[in-house]
Every structure is written in structure tokens, then in C-alpha cells.
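Chain residues, written in single-letter form:
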Amino acid sequence: MLDKKNKSFSSIGIVLGETNIDQYNFCLKNFKAKKGDIVTTDTKIPNDEGEIITVKVWGKIMSINRSNMFFPNEAAQELTNEDIDIRNTILPMTKDELICRVQILGYTHINDKEKLKLKTLNYPVNPAASVNYPSSNEVQKLLASDLGSKHPMYVGNLTARKDVDIFVDTDNMVSRHILITGMSGSGKTVMVRRAVSELMKKQYPILIIDIHGDYLGFVSKAKKYFPDNQVKLFYPNLTVSSGDKEIIYTLIEKLGKSLTEPQNDFLNSMLGKVEYESGTLCNYIKKLIKYSEACTDDRNAKKNGTSFNHVKAATMYVVTRSLKHVLKRLNNMEQTNLRHRNNLPHLKFDELPDSSSEPEKIICKSQLSILYLKGYETLPAGAIVSILMDTLFKHRAENTGEIPPFMTVIEEAHNFIPSRAEDKDGIPSVDTVRKVITEGRKFGTGLMLVSQRPYRLDETIVSQCNSHVIFRVKNERDQRFIKNILENFDNDDAKQLPNLGNGQGVISGQIVNFSLPVQIKFDEHLINDDLGDENFIDVVHQWDDKEIVKQRKKFSKEFEKISSSDMRRPN
Ligand SMILES: Nc1ncnc2c1ncn2[C@@H]1O[C@H](COP(=O)(O)OP(=O)(O)OP(=O)(O)O)[C@@H](O)[C@H]1O
Ligand SMILES: [Mg+2]
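Each value, and the rule that gives it
Residues numbered from 1 in each chain as written. Chains lettered and ligands numbered in written order. Predicted model: local features only at pLDDT ≥ 70, side-chain atom pairs only at ≥ 80, totals over all residues. Helix = DSSP H or I, 4+ residues; strand = E, 2+ residues; numbered from the N terminus. Rg over C-alpha atoms; globule rule 2.2 N^0.38 Å. Contact = placed C-beta atoms within 7 Å. Buried ≥ 20, exposed ≤ 12 C-beta atoms within 10 Å, placed from the backbone. Near = placed C-beta within 6 Å. Nonpolar A, V, L, I, M, F, W, Y, C, P; charged D, E, K, R; others polar. Pairing = 2+ DSSP bridges. Axes fitted to C-alpha atoms, helices over the stretch in contact; angles between N-to-C directions. Domains from an automatic or database assignment. Parallel < 35°, antiparallel > 145°, perpendicular 65-115°, else oblique. Left-handed = near helix turned anticlockwise from the far one by under 90°. Arc of directions from axis to C-beta. Core = buried A, V, L, I, M, F, W, Y, C linked by C-beta atoms within 7 Å.

Focus: the overall build of the chain
Next up, step 1: For the chain, the helix and strand inventory stands at 16 helices and 18 strands.
Next up, step 2: The C-alpha radius of gyration of the chain comes to 31 Å, more than 25% above the 25 Å expected for a compact globule of 571 residues.
Next up, step 3: Principal-axis analysis of the C-alpha atoms places the extent of the chain at approximately 100 × 75 × 50 Å.
Next up, step 4: Partitioning the intrachain contacts of the chain with sequence separation of at least 6 by distance along the chain shows that 76% fall at a separation of at least 24.

Some words on helix 1 (residues 73-82)
Next up, step 1: Burial analysis of helix 1 places just 0 of its 10 residues in the buried class, a small minority of the element.
Next up, step 2: Asp83 lies just past helix 1 and shows a positive phi near 55 degrees.

Remarks on the site of ligand 1
Next up, step 1: In the vicinity of ligand 1 there are 13 residues, among which Ser184, Gly187, Thr189, Gly503 and Phe522 approach most closely.
Next up, step 2: In terms of residues, the shell around ligand 1 owes the most to one element, helix 4 (residues 188-201), which gives 3 residues.
Next up, step 3: Of the residues in the shell around ligand 1, the class split is 3 nonpolar, 9 polar and 1 charged.

Re unusual backbone geometry
Phi is mostly negative for residues that are not glycine, and the peptide bonds are mostly trans.
Next up, step 1: Even without being a glycine, Ala128 presents a positive backbone phi close to 75 degrees.
Next up, step 2: Mapped onto the elements of the fold, Ala128 is located in the loop between strand 5 (97-109) and strand 6 (130-134).
Next up, step 3: Since 10 C-beta atoms lie within 10 Å of it, Ala128 is described here as exposed.
Next up, step 4: Positive phi outside glycine occurs at Ser366, with the angle close to 70 degrees.
Next up, step 5: For Ser366, a count of 17 C-beta atoms within 10 Å translates into the label partly exposed.

Digging into the sheet that holds strand 4 (residues 52-67)
Next up, step 1: Read around the closed barrel, 6 strands run 1-2-5-4-3-6, paired in antiparallel fashion. Between one strand axis and the next, the sheet turns by 45 degrees as a mean value, whatever way the strands run.
Next up, step 2: Where strand 4 and strand 5 come together, 12 bridges link them in antiparallel fashion. Its bridge partner being in strand 5, Ile61 is matched across the sheet by Val102.

Side note on the domain arrangement of the chain
Next up, step 1: Split by domain assignment, the chain resolves into domain 1 (9-148), domain 2 (165-236 + 352-531) and domain 3 (242-337).
Next up, step 2: Contacts between the two partners involve 13 residues from domain 2 and, on the opposite side, 10 residues from domain 3.
Next up, step 3: If you tally residues by element for the side of domain 2 that touches domain 3, the top one is helix 10 (residues 378-397), at 5 residues.

Let's talk about the packing of helix 10 against helix 11 (residues 429-443)
Next up, step 1: Interaxial distance between helix 10 and helix 11 falls to 9 Å at its minimum, and their mutual angle equals 25 degrees. Here helix 10 lies roughly parallel to helix 11, going by the angle between them. The two elements helix 10 and helix 11 cross, and the hand of that crossing is left-handed. Contacts between helix 10 and helix 11 pair Gly382, Val385, Ser386, Met389, Asp390, Phe393, Arg396 and Ala397 from the former with Ser429, Thr432, Val433, Lys435, Val436 and Phe443 from the latter.
Next up, step 2: For the contact of helix 10 with helix 11, the residue count by class is 7 nonpolar, 4 polar and 3 charged.

Considering the sheet that holds strand 18 (residues 516-520)
Next up, step 1: Pairing in this open sheet of 12 strands is mixed, and the strands run 8-7-18-17-16-9-15-14-10-13-11-12 from one edge to the other. Pairing within the sheet leaves two strands with one partner each, and these edge strands are strand 8 (161-169) and strand 12 (350-351).
Next up, step 2: Strand direction decides the pairing type here: strand 7 (residues 152-158) and strand 18, joined by 3 bridges, are antiparallel. Pairing of Gly156 across the sheet is with Ile520, part of strand 18.
Next up, step 3: Along the sheet, helix 4 contacts strand 7, strand 9 (177-181), strand 10 (206-210), strand 13 (367-372), strand 14 (406-410), strand 15 (445-451), strand 16 (467-470) and strand 18; its crossing angle with strand 15, the most-contacted strand, is approximately 160 degrees.
Next up, step 4: Packing of helix 5 (residues 217-225) onto the sheet brings it into contact with strand 11 (230-235) and strand 13, and relative to strand 11 it is tilted by some 160 degrees.

A closer look at helix 5
Next up, step 1: Within helix 5, the full set of buried residues consists of Gly217, Phe218 and Val219. Burial along helix 5 is one-sided: seen end-on, the buried residues are contained in an arc of 165 degrees. For helix 5, the exposed residues set more than 90 degrees away from the buried face come down to Lys223 and Lys224.
Next up, step 2: Looking at the packing, one finds that the buried side of helix 5 touches strand 11 and strand 13.

Describing the nonpolar core
Next up, step 1: Counting 136 residues, the largest nonpolar core has Ile206, Ile370, Leu371, Val409 and Met448 as its most contacted members.
Next up, step 2: The greatest single-element share of this core, amounting to 10 residues, is contributed by helix 10.
Next up, step 3: Ile370 has contacts with Ile208, Asp210, Tyr215, Leu216, Phe218, Leu233 and Phe234, leaving out every residue within four places of it along the chain.

Some details on the pairing of strand 10
Next up, step 1: The element strand 10 is largely enclosed, with a buried count of 5 among its 5 residues.
Next up, step 2: Here strand 10 shows a buried face lined by Ile206, Ile208 and Asp210 and a second buried face lined by Leu207 and Ile209.
Next up, step 3: Two strands pair when backbone bridges link them, and strand 10 and strand 13 are joined in this way by 5 bridges, in the parallel orientation. Considered in strand 13, the bridge of Asp210 is made with Tyr372.
Next up, step 4: Where strand 10 lies against strand 14, 4 bridges are found, and the strand directions are parallel. In the strand pairing of strand 14, Ile206 is matched with Met407.

Digging into the packing of helix 8 (residues 281-300) against helix 9 (residues 313-342)
Next up, step 1: At their nearest, the axes of helix 8 and helix 9 sit 9 Å apart, and the two run at 160 degrees to each other. Taken together, the axes of helix 8 and helix 9 lie roughly antiparallel to each other. Of the two possible hands of crossing, helix 8 and helix 9 adopt the one that is left-handed. Between helix 8 and helix 9, the residues in contact are Leu281, Cys282, Ile285, Lys286, Leu288, Ile289, Ser292, Glu293, Cys295, Thr296, Arg299 and Asn300 and Ala313, Met316, Tyr317, Val319, Thr320, Leu323, Lys324, Val326, Leu327, Leu330 and Asn331, respectively.
Next up, step 2: Across the contact of helix 8 with helix 9, the residue classes break down as 14 nonpolar, 5 polar and 4 charged.

This is how it looks when you write it as C-alpha cells:
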């Protein structure tokens, strides 16, 4: 678009009369720049020693207004009413005035040729100065040297300039926390896959909490694309320890029938009496059921001497029924998860190892661990994630030396860390993630949170995310939320959010140094071929009923025949 061949900078406009240290306006030559472009202007400023030096001020075009004062509304009205083509009049079509608003990013010294480190501007730019369009090379140099990253990670290109690569700082990505948000289909998972694949190349251990199976593509592609990494696929097993009594109680209370106060008291006392050895939660609930039934029998037999003389048999009965209900629901979820796994016979799933005694099986150098939670309801899924993250965090915090630093990706994060207004069920993962996110920086337990609905996330947790990638957002509430969490994100930027294409977003925070419009690189080879495209039409085309369904249909057809041949009429 511009003369990029020889010139590092080409003039595209003139700074208008009124400037300040944060922004300036300039008059743009037709078609010479777009919104989001990076521009420069040279200006004189006093330095700390009182000398006057010439510096290059870098800025980003935030908005462009276009007007033609020779074409007033009255003229448009006349042309419309009289059906006249403007080309048949003397009205000028080339007198447009283009005014750009530029947000100042900082300045570099005019003599800096290689290392372009941005400094904060403390003197306004020169009115009437020339505004220049830097070559892609110059922009690239600025982005790379200003980031000054020891471990830069390539994520994509500047949206407005395809030839400028964008890198983010991996050290900040894994030690701090990052929030990736945008509506469904906007490109979040594609971005996470990009980040995960780059971290895998650096042998960094990663744990992904995957509800939909979006990351299973890594398993089948591991041999070809990640020969030096291990990819492990786990299914959950709801094992709790005696220390997790609170979680057990919440699960039973929330998954079961609603209990009255005396019924809850009985449940609580049982939890105190029935020892938790080890094993699955289901086994423990079975033990509780047995115990509760024994108590009911004793009560019915009017045996004295038990500790529950004051509890009515009916109360015990209701609690037993509720426990059976919880057991049934948990078994159902396990079965649903198993059915989903059975649909993927070429993938090897292992039961999630005990995170407290064998954490190294989940987190170790060069390993990507995917916890496949498909089929689990929010509450038990939250309990599983809470127990897992809490134990892994403890290993890091207590410096047991058993696991290295690692990063956790939580997809559909609003399920695990809902905001206070949403969290009616007291999902156990909220507290754990709050702890990990507030203290994680010291222990190398970075989080990458992914959600379609940022305003539904826990406020404390979101405020601890110091890097953001925002993709297309249409919902106004989400847009408002984003404006609040991003510095320098104004109404104009928010208005752009609904129009972003797939994989286009804004990247900001500590992983970059100033917010950048980005087109994320699409690694097509990493999509999951099994579930990637939800091609339901083909699924129906190849559908064959299960044997049991066939038999039921056959039976109901025969039954229809019999009942229609029965011509007796009721009286
Ligand atoms: N960077 C990109 N470049 C090109 N196409 C992209 C890019 N990112 C996403 N897409 C397209 O959009 C589709 C959906 O992307 P993705 O699965 O990342 O959405 P998502 O934001 O995770 O949605 P959901 O919230 O429903 O999970 C991709 O399959 C791909 O076709
Ligand atoms: Mg997704």
C-alpha cells in the first residue's frame, strides 16, 4: 500500500494545532493509513539534563473521521430529490478531510537504530510536524526490541499489516495469568492451541481442563508434530480424601434432593462418623448409604443406645434416598464420560492418577496432560478441578520438588469460576482458583482462562489476569466489561469488537507492552479431526440405530398393529 521498498518512513500527514502528551490529531493524506496503524512523528523535547533533543514519537491511530465541507447535507438532499449523479455537477469529490486521532505509545531516540526501547513522553508533540508511516521493518524492530523478551512466542500478525509478526513474552505468560475471551467461534481455542504448541516446544508442562474435547487433536498429532513431548489423556475419577469433607458435603447437598435442617444435621453427623478411608467418592457414598440404612433399621426396631435416638426414621429415610440419588447421578456422569470415550476408540485414556501421591504422572517436563471432563455436570466437574488444582498447587507451594512449574488452561472457565452473582451452587473450584491466581506467581502455576462470557467470571480472579486476548464480542455487557478491564480501551475500540473476523483480536497486558490488534496464526494441523467440525448432517447420513432401539421400534410397531386391530369400543 505504501512505498515500503526504500524508505523506512514515509510522510502521510501533518499534526494539527493542538497536542498533548497522551495524544494528537493529524490530517491524513487519502488512503495512506488505516485505523490501528502505527505512525511516528519527530519532535523536540527537553531531556532530564535540560538539553533539547529530537525524538521519534510512536503512536497508534485510534480513529479516523472523514468529512467533505464542500458537500453539505443540503447538496445531498438536492441530488437525491432530483436524481442527479454527483459526477454531473461541479461539486468536488476529492476534497475529503481525514482527521486521525493518535494515541501516543512513547518515544525512542532519533539515533536509536537497532534497539528501540519506548520511553514515556513528557512533552507534547510538535504541531505542524510531519506524520510518518514506518516501514514494516521498523515496526517489527520496535515491537521486538521493546518487548525485550528472553523467550518470545510467535502468535500471529498485526491485523492492519500482515508482514509485521507479533510475539508475546512467554515468561510473563506462564508466570502470570491470562484471560482469553470472545464469543463462540471467534478464535479462542485456536489461540490456545497456538500457545500450547509453542510451550510444548519449550518442554513446558501443561494441564488442560477440557470439557468438549477441543484439544484431543494433540493426542493423534503428537507423534508427527511433537515427537519430543508426551501427550497424556486422562478421565476423571472422583477421589477425595478425608481433608475434602467440605467438598463431599457440598456435592451431596447440592446433587441430592433438597434437605430440611434436621435431615442436613443427620447427614452432617454421618459424615463425622463414617470414616473416609481412600477410594472413590462413589464408594464412600455407598458406605454412607449402608450406614444410614442400618441406623434406620435400628430406629425402626426401637433399639436404644445408638447415637441417633433423637432422629426420626423418616428423616433417615429421606437422607438415604437423597444419597442414592447422588450416587445415581455420579454414576450416570461416569457412564456418559465413558460413552464419549468409547466413541474415540483410537485414543488411549488413562484414569487420572492420584494428584497427591503421584503428581509427577500429571505434571512433568515435556508433558501435555488433558483432563477430559465431557459428560460431567458443573458441580462435580468443579469439585474434580478444585481437588486436582489444590493438590498440585500445594506441591509447588510446599516445594516438595516433585513437580516442575506448569501452566493450567481452563476452557469454559465460567463453569469453574462463576462470578458471585452466578455462583448459586458454591462451586468448589472458585476458592481454589482464587488462591492459585493470587499466589501462583510465586510458585510457577500460571493460569490461562478461556471464556465466552467474561462478565460471568469471578471478579477477583479476573482482576488478577494481567494479560488479555479479546476476540469478537457482540454482547454489550461483555463489551462494557472489557472496557473496564483494559487500559486505553475506549468506546471506539469497543465498537470494533463485534466486527472482528475469526481469529482477529486485541492482545494486551504484560505479555506484550502495549495493546495490539492481532490476527492469530491458524494452525490448521492442530484441529481435532474427530470432533473439530460438528458435521451433524453427515452423522445423520451414516446413522444406524443401536440394536436395542431397533428392537424397541419393532416392538412398538407390532403393538400398534395389535391395538389397531382391537376394534372393541368402550361403553
Ligand atoms: N486465527 C484464525 N484464523 C483463521 N480462522 C480462524 C482463526 N481462529 C478461528 N478460526 C476459525 O473459527 C473457527 C472457530 O474457532 P475456535 O474453535 O477457536 O472458536 P472458539 O472461540 O473457541 O469458540 P467456542 O467458544 O465455541 O469454543 C475455527 O475452526 C476456524 O475455522
Ligand atoms: Mg473453543
